[in-house]
Amino acid sequence: MEFLYIATLAVVGFWAFRSILRKFWGTADRGNEEDATNKVVVITGANSGIGKATALEMAERGAIVVMACKDMDEANAAIINIRKTTGTGRLIPMKIDLASLDSVRQFASDLSKKFDKVDILINNAGVLVSGKLQQKTQEGFEINFGVNHLGHFLLTNLLLDSLKKAAPSRIVTVSSDVHLKGLIDFKDLMGENQRGTRNPIKNKHYANSKLANVLFSFELARKLWGTNVQTYCASTGLVKTKIVKIPFPWRIFSSLIQRIFFKTPQEGCQTVLHCALSKQCRYETGEMYQHCRKWLPEDRIPIRREVASRLWTVSEELVGLKKDK
Ligand SMILES: NC(=O)c1ccc[n+]([C@@H]2O[C@H](COP(=O)([O-])OP(=O)(O)OC[C@H]3O[C@@H](n4cnc5c(N)ncnc54)[C@H](OP(=O)(O)O)[C@@H]3O)[C@@H](O)[C@H]2O)c1
């Protein structure tokens, strides 16, 4: 009897605690959204975590969702899974490996043959790899910087004409609160002189790449001023996904902690949806968002315009966009 009492108390307590958290985190307001029916929405990394949850929500709203994924089997498995929840919208799997600039170019070319416009681009895919492992992209860039920033930088630039054709259109880049710990050191962009760590909170290489996402989104807004292509940078908060790989046996303990304090992917994608669809931020561009609202500049570290502009120029050189011009 006593056990039953404690168990009931624990369940009710958990439910009440999660309800309070959910209220604080916010939910995309479906009653105040642009109509997503038949909009072409490209989501990178849509087979898993936040990307998959976003794909499901977009399909529910009737969108044509291009699921830009590294592994086609994973993409197809995600589609089967999403279809158990919703039968609306279209889900189109397409191959992209953001760790290969050739693959990004191939994807952009394949996409332009399928669709002459893109309404919403969601730069969501990401890796969190310890600098200790010294993993590199195909072109030899540090993996976090290469996939999270450079891959998306090239992809966005290649899709700009399609986004302009669909204007008013939106670009959402998924960053993280961890960007606050990042640093763009132009003498060591690949972080070769930085110590690698497995600790996700202290992972400098990841933090730098997430800061690059923020600066990119900010500078993109300046470049696109007057085109009616708006840019948004979303910070999702802590979400229970597979991006953080915790070894056994810590995984059991951390899984419990995550279940209590972290967002589910469905909760984690709400700010992304807010940026992609909300009428409330229709006329905003170059801003950051968390908890489904604007993250005011006075509450975070200021973005230095000259750093954003220089990072853009260097990134153009690194991905070979200067040659294309
Ligand atoms: N989870 C969090 O607490 C948290 C917090 C703040 C920000 N974020 C950001 O949220 C975004 C989504 O991450 P998540 O948490 O949903 O993690 P996730 O479940 O691991 O999803 C990451 C996605 O990125 C894809 N991806 C990785 N490398 C790729 C590549 N080279 N080319 C194409 N796709 C690639 C993965 O594909 P595979 O499945 O094939 O590997 C997967 O679909 C990331 O940008 C992350 O930085 C997450």
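Residues numbered from 1 in each chain as written. Predicted model: local features only at pLDDT ≥ 70, side-chain atom pairs only at ≥ 80, totals over all residues. Heavy atoms only, no water.

By the naming in an unreviewed UniProt entry, the protein chain is Retinol dehydrogenase 13, taken from Allacma fusca.

(A) How the structure looks around the sheet that holds strand β3 (residues 90–95). As summarised here, the arrangement of the eight strands in space is β3-β2-β1-β4-β5-β6-β7-β8, forming an open sheet in which the pairing is mixed. Of all the strands in the sheet, just β3 and β8 (293–294) have a single pairing partner and so form its edges. Most of the contacts of helix α9 (residues 270–277) go to strand β5 (residues 169–175), to which it runs at about 155 degrees, and overall it touches β4 (120–123), β5, β6 (229–235), β7 (287–290) and β8. (Pairing = 2+ DSSP bridges. Helix = DSSP H or I, 4+ residues; strand = E, 2+ residues; numbered from the N terminus. Contact = heavy atoms within 4.5 Å. Axes fitted to C-alpha atoms, helices over the stretch in contact; angles between N-to-C directions.)

(B) Molecular detail of the site of the ligand. Every one of the 27 residues lining the ligand counts as a neighbour, but Asn47, Ser48, Tyr206, Thr241 and Lys242 are closest to it. Side-chain polar atom of Asn47 to an oxygen atom of the ligand: 2.7 Å apart, as the coordinates give it. Computed on the free molecule, the ligand has an accessible area of 880 Å², of which 94% lies beneath the protein chains in the complex. Within the residue set of the shell around the ligand, elements represented by two or more residues are α2 (49–60), β5 and α6 (204–223). Here the residues of the shell around the ligand sort into twelve nonpolar, eleven polar and four charged. (Near = heavy atom within 4 Å. Polar contact = N/O pair within 3.5 Å; in protein donor to acceptor, adjacent residues only side chain to side chain. Areas by Shrake-Rupley, 256 points an atom, 1.4 Å probe, with all protein chains shown as cover. Nonpolar A, V, L, I, M, F, W, Y, C, P; charged D, E, K, R; others polar.)

(C) Inspection of the pairing of strand β2 (residues 64–69) at higher detail. Where burial is concerned, most of β2 is hidden: six out of the six residues are buried. Alternating positions in β2 separate into two faces, Ile64, Val66 and Ala68 on one and Val65, Met67 and Cys69 on the other, with burial throughout. Judged from the five bridges that link them, strand β1 (residues 40–44) and β2 form a sheet pairing that is parallel. Each bridged residue has a counterpart across the sheet, and for Thr44 the counterpart in β2 is Ala68. Note that the unit made of β1, α2 and β2 has a crossover that is right-handed. Across six bridges, β2 lies against β3 in parallel orientation. Bridged to Val65 within β3 is Leu91. Handedness of the crossover is the feature at issue here: the chain leaves β2, passes through helix α3 (residues 72–83), returns alongside β3, and the resulting connection is right-handed. (Buried < 20%, exposed > 50% of the residue type's maximum accessible area, 1.4 Å probe, protein only. Right-handed = clockwise from strand over helix to strand, strands pointing away.)

(D) Structural context of helix α1 (residues 2–25). If you check α1, its first and last C-alpha atoms are 34 Å apart, about what 24 residues at 1.5 Å a residue would give, namely 34 Å. By the burial criterion, the buried members of α1 are Arg18, Leu21 and Trp25. Lining the buried residues of α1 we find α7 (250–261) and α8 (265–268). Directly beyond the C-terminal end of α1, a positive phi value near 85 degrees is found at Gly26. (Expected span 1.5 Å × (residues − 1).)

(E) Structural detail: the packing of aromatic side chains. With the rule as written, the count across this model stands at five aromatic pairs. With a centroid separation of 5.7 Å and an interplanar angle of 65 degrees, the aromatic rings of Phe153 and Phe216 are classed as edge-to-face. Residue Phe153 is found in helix α5 (residues 143–165), and its partner Phe216 is found in helix α6; the two are separated by 63 residues along the sequence. For the pair Phe153 and Phe216, one class covers both residues: buried. Directly above the aromatic system of Phe24 lies the positively charged group of Arg293, at a separation of 5.8 Å from the ring centroid. Here the basic side chain of Arg310 rests over the ring of Phe186, its NZ or CZ set 4.1 Å away from the ring centre. (Phe/Tyr/Trp six-rings, centres within 6.5 Å; stacked < 30°, edge-to-face > 60°. Lys NZ or Arg CZ within 6 Å of the ring centre and 35° of its normal.)

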